[in-house]
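Residues per chain are reported as follows:
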Amino acid sequence: MKNSSIIILFTIALLKICKGGFDWDLFDIPHWSIDPDFNLNVSQLIKSKGYPVEDYTVQTPDGYLLSVQRIPFGRVKHYNPKFEKKVVFLQHGLLSSSNDWVINFPLQSLAFILADNGYDVWLGNIRGNTYSRHNVYFPSTSERFWNFSFSEMAKYDLPTMFDFTLNVTGKKQLSYVGHSQGTTSMFALLSEMPEYNEKVNLFIALAPVITVGHITTAIRYLAPFASDVDFLFNILGIGEFLPSGPVIKFLSEFVCDTKIKFICEDVIFLLCGTDHKQLNETRLPVYVSHTPAGASTKSIIHFAQMVNSKKFQKFDYGKKGNLLEYNQTTPPEYYPENITTKVALFWSENDKLADPIDVHLLEKRLPNMIYSTPVKLKEFNHLDFVWGVNASTLVYEGVLTLLENV
């Protein structure tokens, strides 16, 4: 049952074709060619664009081995002795990996732009994604491996990667740019562990997500069943959600670069909002070959629970389970009011995951919010913050300005 969700989406898209009779010529396979970035991992993507890369593996207190990449400088080194090299940590969102920050070309990808502007750039990968699929205590094929959501990322993954980054660079502070779930876990961390408010001098949240009571993405359709956790686990599978298996490989290799590439687009837009103008369709095979990059079913259910509660809270195990886990009948809440780190928000009107209403609720809860702005292009969607062809001018120029003033 683990593949059921993506198979359903794929089948729905195919029905559009079959209504008028199926035409195999739509695939146009004789003219199909492979993008050179199609089979490259994140380090190879970075090197292929002329940038240096360092690969590290860090171990969390609960045994997960996380992959971290570093781009220490850009294609032109900055030799200005007056320039103090600042550390910037980039954290991907739900179902993604560090690929997001380098998947477009150098003038369009945030990691490359930052490196070329003299920053020491670090790319994180949370437990369970393409580059972090090992634990020293149990295999990734076990249910125990996938027993996590953003709460564990906040408690273990981010602190481990931050401490390692600061230790290697010898710095006392870093700046953080998160996207989607990368903001959720960061808000949770800073809410509960005050010492990290001292280690992070600026938190830039792209498509920020804490409460999700107003989302219109596909996750909302799971919300009516979220109180019955066992039912959802039976439907979606206990373990990995949307594993990058045969269906995804088929989509990326034989569909996304043909006349029926709208199948790939439909899957992306269903989850993130529609914006054809910002999607570089020639890169679709590359995008889909790297995404989804891995997530636990528990993570998806956690967000579905919060659709119902409209609260920023920990996973709900039910009254009995909560008593065992938290010593109370309801899941504890996170309180962004505790965050003292400077926070900047970038959001969009067309975001199905980071709905503007939820963003405005977040704004009211941040005591040290220094900036909040919608993207000027109304069609901009959730993934456009990392994939959009004009993200460099619509978002990243503002990010650079904020970082320069830290």
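Residues numbered from 1 in each chain as written. Predicted model: local features only at pLDDT ≥ 70, side-chain atom pairs only at ≥ 80, totals over all residues. Heavy atoms only, no water.

In the nomenclature of an unreviewed UniProt entry, the chain is known as Lipase of Caerostris darwini.

One non-glycine residue, Ala207, adopts positive backbone phi at about 55 degrees. As for its placement among the helices and strands, Ala207 is situated in the loop between β7 (200-206) and α7 (229-236). Given a relative accessible area of 0%, Ala207 falls into the buried group. Of note, the phi angle at Asn327 is positive, near 65 degrees, even though the residue is not glycine. Here Asn327 is to be found in the loop between α12 (318-326) and β10 (343-347). The class for Asn327 is exposed, based on a relative accessible area of 67%. (Helix = DSSP H or I, 4+ residues; strand = E, 2+ residues; numbered from the N terminus. Buried < 20%, exposed > 50% of the residue type's maximum accessible area, 1.4 Å probe, protein only.)

Further remarks concern the UniProt feature "active site" (unreviewed entry) in the chain. The positions that UniProt labels "active site" (unreviewed entry) are, in the present scheme, Ser180, Asp351 and His382. Spanning 203 residues, the named residues form one tight spatial group whose C-alpha atoms are at most 10.5 Å apart. Tracing the chain through its elements places Ser180 in the loop between β6 (174-179) and α5 (181-192). Overall, the relative accessible area of 5% leaves Ser180 in the buried class. Residue placement: His382 occurs in the loop between β11 (369-374) and α14 (384-387). (UniProt positions renumbered as here; feature names shortened; annotations may be inferred.)

Looking at soluble globular proteins, one finds that nonpolar side chains tend to be buried together. Counting 97 residues, the largest nonpolar core has Leu90, Phe162, Phe187 and Ile204 as the members making the most contacts within it. Every residue in contact with Leu90, bar those within four places of it in the chain, is listed here: Trp101, Leu110, Ala111, Leu114, Val121, Trp122, Leu123, Gly124 and Val177. (Core = buried A, V, L, I, M, F, W, Y, C linked by side-chain atoms within 4.5 Å. Contact = heavy atoms within 4.5 Å.)

Attention now moves to the packing of aromatic side chains. For the structure shown, the criterion picks out 23 aromatic pairs. Where Phe89 meets Tyr176, the ring centres are 6.3 Å apart and the plane angle is 5 degrees; that geometry is what we call stacked. One end of the pair, Phe89, is in strand β3 (residues 87-91); the other, Tyr176, is in strand β6, with 87 residues separating them in the sequence. Feature note: the residues Phe89, Phe162, Tyr176, Phe187, Tyr196 and Phe203 constitute an aromatic cluster, connected by ring pairs. The ring of Tyr64 carries Arg127 above its face, with NZ or CZ at 4.0 Å from the centroid. Between Lys298 and the ring centre of Phe315, over which it is positioned, the NZ or CZ distance is 5.0 Å. (Phe/Tyr/Trp six-rings, centres within 6.5 Å; stacked < 30°, edge-to-face > 60°. Lys NZ or Arg CZ within 6 Å of the ring centre and 35° of its normal.)

What follows is about the pairing of β6. The buried fraction of β6 is high, at six of six residues. Neither face of β6 is left uncovered, since the one carrying Leu174, Tyr176 and Gly178 and the one carrying Ser175, Val177 and His179 both have all their residues buried. Taken together, the four bridges between β3 and β6 define a ladder with parallel strand orientation. Each residue of the ladder has a partner; that of Leu90, found in β6, is Val177. In this structure, β6 lies alongside β7, joined through six bridges in parallel fashion. Across the sheet, the residue bridging to His179 is Leu206, located in β7. (Pairing = 2+ DSSP bridges.)

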